[in-house]
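Residue-level listing of the chains:
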Amino acid sequence: MLDPYLPLVLMFVLAGAFALFSVTAAPYIGPRRYNRAKLDAYECGIEPSPQPVVGGGRMPVAYYLTAMLFILFDIEMVFLYPFAVSADRLGLFGLVEIALFVATVGFAYAYVWRRGGLDWN
């Protein structure tokens, strides 16, 4: 009765074994050349400050803009994938709808590009 689920269970067991092996073997296999730069905190290219971000300074808006752009284009892929799977059944109506959708997202991309939202100064 549960025979169809055997490959799935084996895949989970294999994934768990690989994860456990990777975590336990990494300290023995990995390099041990530590220096000050590797032990310092890395804050997306900005020099780390001793003050916390909450009260000590402002985060650049570019980080939030980049996150919002990622969400926008990630959601675009979420909508494009089902269309690609069922493009034959949707026919001309689906093609027109997806063309309008891609055009709308393209206008958003062009707007952000023209406003300098993709430039890191």
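Residues numbered from 1 in each chain as written. Predicted model: local features only at pLDDT ≥ 70, side-chain atom pairs only at ≥ 80, totals over all residues. Heavy atoms only, no water.

An unreviewed UniProt entry lists the protein under the name NADH-quinone oxidoreductase subunit A, with Saccharothrix carnea as the source organism. Reading the Catalytic activity (unreviewed entry) entry of the UniProt record for the protein gives the comment "a quinone + NADH + 5 H(+)(in) = a quinol + NAD(+) + 4 H(+)(out)". UniProt, in its Sequence similarities (unreviewed entry) section for the protein, records the words "Belongs to the complex I subunit 3 family." (UniProt positions renumbered as here; feature names shortened; annotations may be inferred.)

Chemist: Honestly, the overall build of the protein in this entry has me stumped. Any pointers?
Modeler: Counting its secondary structure elements, the protein contains five helices and zero strands. Counted from the first residue to the last, the protein has its helices and strands arranged as α-α-α-α-α. Taking all 121 residues of the protein together, 10% fall into the buried category. Long-range pairs, those at least 24 residues apart, make up 40% of the contacts in the protein with a sequence separation of at least 6. Working note: accessible area of the protein is about 11,100 Å², and carbon and sulfur atoms make up 71% of it. (Helix = DSSP H or I, 4+ residues; strand = E, 2+ residues; numbered from the N terminus. Buried < 20%, exposed > 50% of the residue type's maximum accessible area, 1.4 Å probe, protein only. Contact = heavy atoms within 4.5 Å. Areas by Shrake-Rupley, 256 points an atom, 1.4 Å probe, with all protein chains shown as cover.)

Chemist: Before we go on, may I ask you to explain the packing of aromatic side chains in this structure?
Modeler: Given two aromatic rings, their pairing is described by the distance between the two centres and the angle made by the two planes. Per the stated rule, a full pass over the model turns up three aromatic pairs. Taking the centre distance of 5.7 Å and the plane angle of 75° together, the rings of phenylalanine 73 and tyrosine 109 count as edge-to-face. Taken together, the positions of phenylalanine 73 in helix H4 (residues 61-85) and tyrosine 109 in helix H5 (residues 87-114) put the pair 36 residues apart, joining distant regions of the chain. On the basis of relative accessible area, phenylalanine 73 is assigned to the partly exposed category, the value being 25%. Note on tyrosine 109: relative accessible area 35%, which makes it partly exposed. (Phe/Tyr/Trp six-rings, centres within 6.5 Å; stacked < 30°, edge-to-face > 60°.)

Chemist: Can you help me understand a nonpolar patch on the surface in this one?
Modeler: Where nonpolar side chains cluster on the molecular surface, the patch consists of Met1, Leu2, Tyr5, Leu8, Val9, Phe12 and Val13 and spans about 860 Å² of accessible area. Position of tyrosine 5 among the secondary structure elements: in the segment before helix H1 (6-29). Given the relative accessible area of 52%, tyrosine 5 is considered exposed. (Patch = residues over 30% accessible without salt bridge, like charges linked within 9 Å, V, L, I, M, F, W, Y side chains within 5 Å. Salt bridge = Lys/Arg side-chain N within 4 Å of Asp/Glu carboxyl O.)

Chemist: Sorry, what's going on with the UniProt feature "transmembrane region" (unreviewed entry) in the protein here?
Modeler: Residues given the UniProt feature "transmembrane region" (unreviewed entry) here are residues 6-29, 61-84 and 90-112. Helix makes up 100% of residues 6-29 and strand makes up 0%, while its end C-alpha atoms are separated by 33 Å.

Chemist: Help me out: how do you make sense of the side chain of serine 86 in this one?
Modeler: Its location among the elements puts serine 86 in the loop between H4 and H5. At 3.0 Å, the side chain of serine 86 and the backbone oxygen of proline 82 are in polar contact. (Polar contact = N/O pair within 3.5 Å; in protein donor to acceptor, adjacent residues only side chain to side chain.)

Chemist: I tried to follow the confidence of the model for the protein on my own but got confused; where do I start?
Modeler: Low-confidence regions, as indicated by low pLDDT, have predicted coordinates that should not be scrutinised in detail. Per-residue pLDDT for the protein has a mean of 83; in total, 83% of the residues score no lower than 70. Confidence scores differ between elements of the protein, with helix H3 (residues 53-56) showing the lowest mean pLDDT of 55 and H1 the highest of 95. (pLDDT = per-residue confidence, 0-100.)

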